[in-house]
Amino acid sequence: MVQERRQAILKELDEYGKVKVSELSRTLGCSEVTIRNDIKSMDEEGLLRRTHGGALPLQKGNQRKYSAESIYRNTDRKRQIAACAYEFIEDRDTIILDDASTSFHLAVYMKSHPEKQIAVVTNSLLVGNELADTRHIELYIVGGHVGGHLAATMGDAAVQNIEQFHVDKAFIGVHSINFDVGLTSIATPQMQVKRAILKAAAQVYVLADSSKFGGGYVSVICPVGRVHKIITDSRIGGEYIKKAEQEQIPLVIAGREYEI
């Protein structure tokens, strides 16, 4: 129901160029409080621009370049994580970026910071598109079948291709982080790619915004202790910080200068 309302709000914006809370409330048959909460959340996720009493589309320079909504969800948090992750990359490093949305934001951040020469291996078509023709990035694209919500190569060919590389560091996203179970993936093909990346990299950094902690799981990638660091944003709940401290899980909180 929430996603249906959001799609309706975006459709109204596309058609009329602006929306009002009062009109959306009548059209969608829900309270103005519900609409305001939707608009507030969508503004925070970079889907529209909230105004007094309504919303406007994103300004021209901020319009969507890609159709995948996850890239534009929690963008402030993901950019915060990306900036923090960049500090762990050294000049002349070789790295792998997977097809996660936060890895995409790291690629965008790297693109705008030419002070480091970096070799990047990726299975993400979106990352490849961003980094192509970037002079300070040496880019390698992993081959394989293209699939997934964020277009990327996967399957046996992609796994075998990744296994041919050995890099200094890898930066990957996860479906969720469950301290008792481990790092999880949304499905088996993505899990297989991430496991191959774990073998190919000397150090693996998990980029996970605070919404990724807790909850259920689908496919388990590996125990939490297998990775070098987990980088998250400053909205992470205190209970997860306490758990990480108790179990000595290598957690970095961007924006807080906090690290276990």
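Since the structure is predicted, the reported quantities are computational estimates derived from the model, not experimental observations. (Residues numbered from 1 in each chain as written. Predicted model: local features only at pLDDT ≥ 70, side-chain atom pairs only at ≥ 80, totals over all residues. Heavy atoms only, no water.)

S.K.: Now, about the environment of isoleucine 9: what can you tell me, with residues and values included?
M.R.: As for its position among the elements, isoleucine 9 is in helix H1 (residues 2-16). A relative accessible area of 0% means that isoleucine 9 is categorised as buried. With 29 residues separating them in the primary sequence, isoleucine 9 and aspartate 38 have C-alpha atoms 8.9 Å apart. Residues in contact with isoleucine 9, not counting those within four places in the same chain, are Val19, Leu24, Leu28, Asp38, Met42 and Leu48. (Helix = DSSP H or I, 4+ residues; strand = E, 2+ residues; numbered from the N terminus. Buried < 20%, exposed > 50% of the residue type's maximum accessible area, 1.4 Å probe, protein only. Contact = heavy atoms within 4.5 Å.)

S.K.: Describe the packing of aromatic side chains, listing the residues and the values that go with them.
M.R.: Enumeration over the complete set of coordinates arrives at seven aromatic pairs. With a centroid separation of 6.0 Å and 70° between ring planes, the pair formed by phenylalanine 179 and phenylalanine 213 is classed as edge-to-face. With phenylalanine 179 in the loop between strand S10 (176-178) and strand S11 (182-185) and phenylalanine 213 in the loop between strand S12 (201-207) and strand S13 (219-222), this residue pair connects regions lying 34 residues apart in the sequence. For phenylalanine 179, a relative accessible area of 13% puts it in the buried group. Classification of phenylalanine 213 as buried rests on a relative accessible area of 6%. In textbook terms, an aromatic cluster arises when at least three aromatic residues are bridged by ring pairs, as seen for Phe88, Phe171 and Tyr205. Above the ring of tyrosine 86, the side-chain terminus of lysine 116 is found at 3.9 Å from the ring centroid. (Phe/Tyr/Trp six-rings, centres within 6.5 Å; stacked < 30°, edge-to-face > 60°. Lys NZ or Arg CZ within 6 Å of the ring centre and 35° of its normal.)

S.K.: A description of the sheet that holds strand S2 (residues 49-51) should follow, citing residues and the corresponding values.
M.R.: Judged by pairing direction, the sheet is antiparallel, and its three strands sit side by side in the order S1-S3-S2 without closing on themselves. Two strands lie at the open edges of the sheet, namely strand S1 (19-20) and S2, each paired on one side alone. Taken together, the three bridges between S2 and strand S3 (residues 54-56) define a ladder with antiparallel strand orientation. Its bridge partner being in S3, threonine 51 is matched across the sheet by glycine 54. (Pairing = 2+ DSSP bridges.)

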